[in-house]
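Residue-level structural notes
Letter by letter, the chains look like this.
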Amino acid sequence: MEQERKKLASVSSLVTVFENSRTSGAASSVSKLDAEHHHPGCRLPPPAEPWTEPDAEETLALGSEPRTVSRKYLNSLKNKLSSGAWRKSCQPGTHPGPGTQEPEEKRIVQELLETEKAYVARLHLLDQVFFQELLREARSSKAFPEDVVRLIFSNISSIYQFHAQFFLPELQRRLDDWTATPRIGDVIQKLAPFLKMYSEYVKNFERAAELLATWTDKSTLFQDVITRIQNSEASGSLTLQHHMLEPVQRIPRYELLLKEYLQKLPAQAPDRADAQKALDMIFSAAQHSNAAITEMERLQDLWEVYQRLGLEDDIVDPSNTLLREGPVLKISFRRSDPMERYLFLFNNMLLYCVPKVIQVGAHFQVRTRIDVAGMKVRELTDAEFPHSFLVSGKQRTLELQARSQEEMISWMQACQAAIDQIEKRNETFKAAVQGPEGDTQEQELQSEELGLRAPQWVRDKMVTMCMRCKEPFNALTRRRHHCRACGYVVCAKCSDYRAELKYDDNRPNRVCLHCYTFLTGSVLPEDKADRRQGILEKGSAAGSAQSLMCSFLHLVGDKWGKSGPRGWCVIPQDDPLVLYIYAAPQDVRAHTSIPLLGYQVTAGTQADPRVFQLHQSGQLYAFKAETEELRDRWVKAMERAASGWSPRGPNDGDLSD
């Protein structure tokens with residue numbers, strides 16, 4: 001009974017001192033760093049091999065390059081902790097026969113005690129010598145801030161008091177009384193929960209190493225104090241960075257020894273259940289340390305990304321998560337060749353960047369930030385630019401090309417996952433619009449979206465005439481412009497209007513007459529009213545979407561005059577006896593229409609089997625397809641039209657791809 005009261009008093013005393021140490025001045029600046037990260041999760045296995053000291057090269061490097069080496073070391077630590085081979089259930093080990101040798105389990109407890117004594121001595125050096133000496137120097141000389149010293153040593157005072165005043169004495173008493181009480185599991189169970197305080201130290205470790213290197217170069221007095229202690233006998237000629245690594249690797253050492261202890265215990269040993277429970281609790285403490293390492297690495301990666309982006313104020317946010325980054329090609333609406341660009345996808349935004357030629361400081365210039373909220377992504381069916389996809393956001397719409405089909409799918413999946421996560425968090429989940437495979441590219445926004453999101457701009461080379469008035473473009477008197485509301489390519493006369501667009505912070509933008517009327521509600525002027533549609537004014541895009549056959553064909557011979565070497569040819573479903581020929585796929589008026597009824601179709605010549613002809617009463621038109629297979633399909637479509645055949649249903653007789 002008396003022994004139980006002593007145990008209760010010991011634990012109660014431990015809690016009191018631990019709480020006092022948490023609020024002491026030495027740890028005040030870091031006491032709240034990691035409270036939010038202490039959450040349950042999967043257990044971490046201990047190292048698959050005995051823990052080793054860092055080699056001399058790594059220790060030396062810590063002093064000169066603390067950020068790189070500490071990160072490398074912590075990655076190595078995580079790899080060791082992630083080894084799953086030893087996480088199997090511990091089986092009873094073999095035991096020596098009767099004799100004078102001590103039980104194996106007691107030998108392991110003795111090893112635990114000896115390593116604990118050495119560890120406490122190292123903690124004493126860190127807390128009572130390095131920490132206190134630097135703190136005194138900071139207070140007296142004012143050569144460096146006290147807060148810097150506290151940040152470097154984090155909560156080392158709490159860790160030292162816990163081990164020196166409670167854990168080590170408890171282990172010593174239990175080993176001294178081993179004959180009467182041959183067990184250790186109950187002691188570790190009582191003290192293991194306090195090991196979770198290591199997560200705060202581990203999380204701060206890399207920042208501490210960086211501060212240590214900075215102020216060693218910055219302050220001579222700071223460096224002198226550290227050098228004097230490092231040269232003392234107590235330091236063992238080891239650097240401060242070497243000593244600071246000890247707490248990072250201590251918990252895995254406990255895991256290894258306790259696992260070995262369990263293996264050596266007899267199957268019916270009274271301490272087996274307590275020891276197994278203690279091992280589980282050690283796992284929990286290791287999980288907190290590993291979570292701290294993961295969070296620290298996430299913040300470090302995020303900071304490096306922000307540095308590459310120039311640390312812009314509206315971008316830097318420690319709560320962001322980088323989901324994906326990489327190069328892409330931007331499909332230009334003016335240039336024929338795509339341009340090199342770089343994307344950073346975060347959980348809440350997509351940054352569209354241009355690599356800098358001279359990478360001093362920032363490596364990229366942010367051109368556009370697109371909010372993930374309201375963003376849409378879908379694949380584009382473009383034979384000229386394979387592996388292309390569309391990202392449409394409130395701020396801008398981008399046509400992008402990946403290097404492969406797999407990369408395109410990966411980007412689309414990453415974007416869609418970010419979109420879904422935002423929608424779920426806002427409790428307004430809506431499936432992203434995904435057009436059916438093979439559908440014609442949707443160029444025009446829904447009328448209710450005009451001005452609310454950036455449109456997809458029609459590329460210049462896809463049209464040869466104004467998409468509103470149908471007049472042909474030229475380099476001098478009728479140049480190309482883009483309506484900022486619908487994305488159409490229009491002439492200056494048809495886009496001589498300005499309207500406020502919400503996606504551009506309600507700034508006035510150039511818009512076409514159609515969008516101006518819709519956005520402002522103004523009455524259409526009589527002199528600019530739409531004239532009656534001509535016989536050739538059947539839109540190519542609309543015709544292609546509902547066509548029996550459509551593709552580019554080379555126009556052979558002098559018959560075509562100035563029409564150009566090739567044309568976009570369409571046989572519409574709603575006009576199946578007429579061939580319309582456009583200069584470009586998005587033109588709204590054909591430059592030629594041929595009624596096919598009564599024409600004869602001749603396929604192939606010896607000179608070029610891809611050529612075929614239409615002829616009737618002295619009229620002769622010659623075409624050349626890209627392949628013989630495409631020629632055969634065109635010949636079949638024209639022969640049916642020439643005979644007067646018409647489709648009975650929407651998909652009847654469709655020969656297009």
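Note that the structure is a prediction, hence the values are computed from the model and not measured. (Residues numbered from 1 in each chain as written. Predicted model: local features only at pLDDT ≥ 70, side-chain atom pairs only at ≥ 80, totals over all residues. Heavy atoms only, no water.)

1. Topic: the overall build of the protein chain
- Across its full length, the protein chain carries 16 helices and 18 strands.
- Classification of the 657 residues of the protein chain by burial places 46% in the buried group.
- With an accessible surface of roughly 32700 Å², the protein chain has 51% of that area assigned to carbon and sulfur atoms. (Helix = DSSP H or I, 4+ residues; strand = E, 2+ residues; numbered from the N terminus. Buried < 20%, exposed > 50% of the residue type's maximum accessible area, 1.4 Å probe, protein only. Areas by Shrake-Rupley, 256 points an atom, 1.4 Å probe, with all protein chains shown as cover.)

2. Some remarks on the pairing of strand 15 (residues 592–595)
- Residues Thr592 and Ile594 point to one face of strand 15 and are all buried, whereas Ser593 and Pro595, pointing to the other face, are not buried.
- Of the pairings in the sheet, the one linking strand 14 (residues 578–582) to strand 15 comprises four bridges and is antiparallel in character. Looking at the pairing, Leu579 lines up with Ile594 of strand 15. (Pairing = 2+ DSSP bridges.)

3. With respect to the packing of helix 8 (residues 198–218) against helix 11 (residues 246–264)
- Where helix 8 meets helix 11, the closest approach of the two axes is 9 Å, and the angle between their N-to-C directions is 135 degrees. Considering their axes alone, helix 8 and helix 11 lie oblique with respect to each other. Note on packing geometry: the crossing formed by helix 8 with helix 11 is left-handed. Here helix 8 contributes Tyr198, Tyr201, Val202 and Phe205 to the contact with helix 11, which in turn contributes Pro247, Val248, Arg250 and Ile251.
- Taken together, the residues of the contact of helix 8 with helix 11 sort by class into seven nonpolar, no polar and one charged. (Axes fitted to C-alpha atoms, helices over the stretch in contact; angles between N-to-C directions. Parallel < 35°, antiparallel > 145°, perpendicular 65-115°, else oblique. Left-handed = near helix turned anticlockwise from the far one by under 90°. Contact = heavy atoms within 4.5 Å. Nonpolar A, V, L, I, M, F, W, Y, C, P; charged D, E, K, R; others polar.)

4. What about the packing of helix 5 (residues 146–153) against helix 8?
- The interhelical angle for the contact between helix 5 and helix 8, taken along N-to-C directions, is 135 degrees, at an axis separation of 7 Å. With respect to helix 8, the axis of helix 5 lies oblique. On the side of helix 5, the interface is formed by Val148, Leu151, Ile152 and Phe153, while helix 8 contributes Tyr201, Asn204, Ala208, Leu211, Leu212 and Trp215.
- A per-class count over the contact of helix 5 with helix 8 returns nine nonpolar, one polar and no charged.

5. As for the sheet that holds strand 14
- Across the sheet, which stays open at both edges, the seven strands sit in the order 15-14-13-12-18-17-16 with antiparallel pairing between neighbours. Strand pairing shows two members of the sheet lacking a second neighbour, strand 15 and strand 16 (600–603), which therefore form its edges. Adjacent strand axes in the sheet meet at a mean angle of 30 degrees when their direction is disregarded.
- Across three bridges, strand 13 (residues 566–572) lies against strand 14 in antiparallel orientation. Within the sheet, the bridge partner assigned to Val570 lies in strand 14 and is Tyr580.
- Sitting on the sheet, helix 16 (residues 628–642) is in contact with strand 12 (547–556), strand 13, strand 14, strand 16, strand 17 (611–616) and strand 18 (619–624), with an inclination near 115 degrees to strand 12.

6. Considerations on the confidence of the model for the protein chain
- With 73% of its residues at a pLDDT of 70 or more, the protein chain has an overall mean of 76.
- This stretch, residues 81–100, has a pLDDT under 50; its non-local contacts, to residues over four places away or in other chains, come to 44 contacts.
- For residues 428–444, every residue scores under 50 in pLDDT, and the model assigns this stretch 31 contacts once sequence neighbours within four places are set aside. (pLDDT = per-residue confidence, 0-100.)

7. Things to note about the pattern of salt bridges
- Summed over the entire model, instances satisfying the criterion amount to 24 salt bridges.
- Across the salt bridge formed by Glu260 and Arg107, the nearest N and O atoms sit 3.6 Å from each other. Of this pair, Glu260 sits in helix 11 while Arg107 sits in helix 4 (residues 104–141); the two residues are 153 residues apart in sequence, bridging distant segments of the chain.
- The class for Glu260 is partly exposed, based on a relative accessible area of 24%.
- With a relative accessible area of 34%, Arg107 lands in the partly exposed category.
- Arg139 is paired through a salt bridge with Glu146; the nearest N and O atoms lie 3.4 Å apart. (Salt bridge = Lys/Arg side-chain N within 4 Å of Asp/Glu carboxyl O.)

8. Here's the deal with the nonpolar core
- Membership of the largest hydrophobic core comes to 67 residues, with the highest contact counts inside it found for Phe153, Met244 and Tyr261.
- In terms of residue count, helix 4 provides more of this core than any other element does, 14 residues in total.
- Here Phe153 is in contact with Leu126, Phe130, Phe131, Leu134, Tyr201 and Leu240, once residues within four sequence places are set aside.
- Of all hydrophobic cores here, the second largest spans 26 residues; its members include Met465, Met467, Cys491 and Val511. (Core = buried A, V, L, I, M, F, W, Y, C linked by side-chain atoms within 4.5 Å.)

9. Some remarks on helix 11
- Taking 1.5 Å per residue as the helical rise, helix 11 with its 19 residues ought to reach 27 Å, and the 27 Å between its terminal C-alpha atoms agrees with that figure.
- Across the 19 residues of helix 11, 16 count as buried, placing the element largely inside the fold. (Expected span 1.5 Å × (residues − 1).)

10. Re the packing of aromatic side chains
- In total, this model carries 13 aromatic pairs according to the counting rule given.
- Taken together, a centroid distance of 5.1 Å and an interplanar angle of 90 degrees make the contact between Phe144 and Phe222 edge-to-face. Of this pair, Phe144 sits in the loop between helix 4 and helix 5 while Phe222 sits in helix 9 (residues 220–230), and the two are 78 residues apart along the sequence.
- Its relative accessible area of 0% is what places Phe222 among the buried residues.
- Ring geometry for Phe162 against Phe167: centres 5.8 Å apart, planes inclined by 40 degrees, an arrangement best described as tilted.
- Owing to a relative accessible area of 2%, Phe162 belongs among the buried residues under this scheme.
- Grouping aromatic residues by their ring pairs yields a cluster made of Phe162, Phe167, Phe194 and Tyr254.
- Over the aromatic face of Trp645 sits the side chain of Arg640, whose NZ or CZ is 4.2 Å from the ring centroid. (Phe/Tyr/Trp six-rings, centres within 6.5 Å; stacked < 30°, edge-to-face > 60°. Lys NZ or Arg CZ within 6 Å of the ring centre and 35° of its normal.)

11. Topic: helix 9
- For helix 9, every residue scored as buried is listed here: Phe222, Val225, Ile226, Ile229 and Gln230. Buried residues of helix 9, viewed axially, fall in a sector of 130 degrees; they line one side.
- Residues of helix 9 that are buried sit in contact with helix 4, helix 5, helix 8 and helix 10 (240–244).
- Sitting at the amino-terminal end of helix 9 is Ser219, which places a side-chain oxygen 3.2 Å from the backbone nitrogen of Phe222. (Arc of directions from axis to C-beta. Polar contact = N/O pair within 3.5 Å; in protein donor to acceptor, adjacent residues only side chain to side chain.)

12. Brief notes about unusual backbone geometry
- Even without being glycine, Ser154 reaches a positive phi, approximately 50 degrees.
- On the secondary structure map, Ser154 appears in the loop between helix 5 and helix 6 (156–176).
- At Ser237, a residue that is not glycine, the phi angle is positive and equals roughly 60 degrees.

13. With respect to the pairing of strand 11 (residues 507–511)
- Where strand 10 (residues 497–501) and strand 11 come together, five bridges link them in antiparallel fashion. By the bridge assignment, Glu500 is partnered in strand 11 with Pro508.
- Between strand 10 and strand 11, which pair antiparallel and follow one another directly, the connecting turn spans five residues, one of which, Asp505, has a positive phi of 55 degrees.

14. Considering the sheet that holds strand 4 (residues 364–371)
- Taken together, seven strands build an open sheet; the order of strands is 4-3-2-1-7-6-5 and the sheet is antiparallel. Since the sheet does not close on itself, it has two edges, and those belong to strand 4 and strand 5 (376–379), each with one partner. Strand-to-strand twist of the sheet, defined as the mean angle between neighbouring strand axes without regard to direction, takes the value 30 degrees.
- Pairing geometry for strand 1 (residues 322–330) and strand 7 (residues 397–401), over two bridges, is antiparallel.

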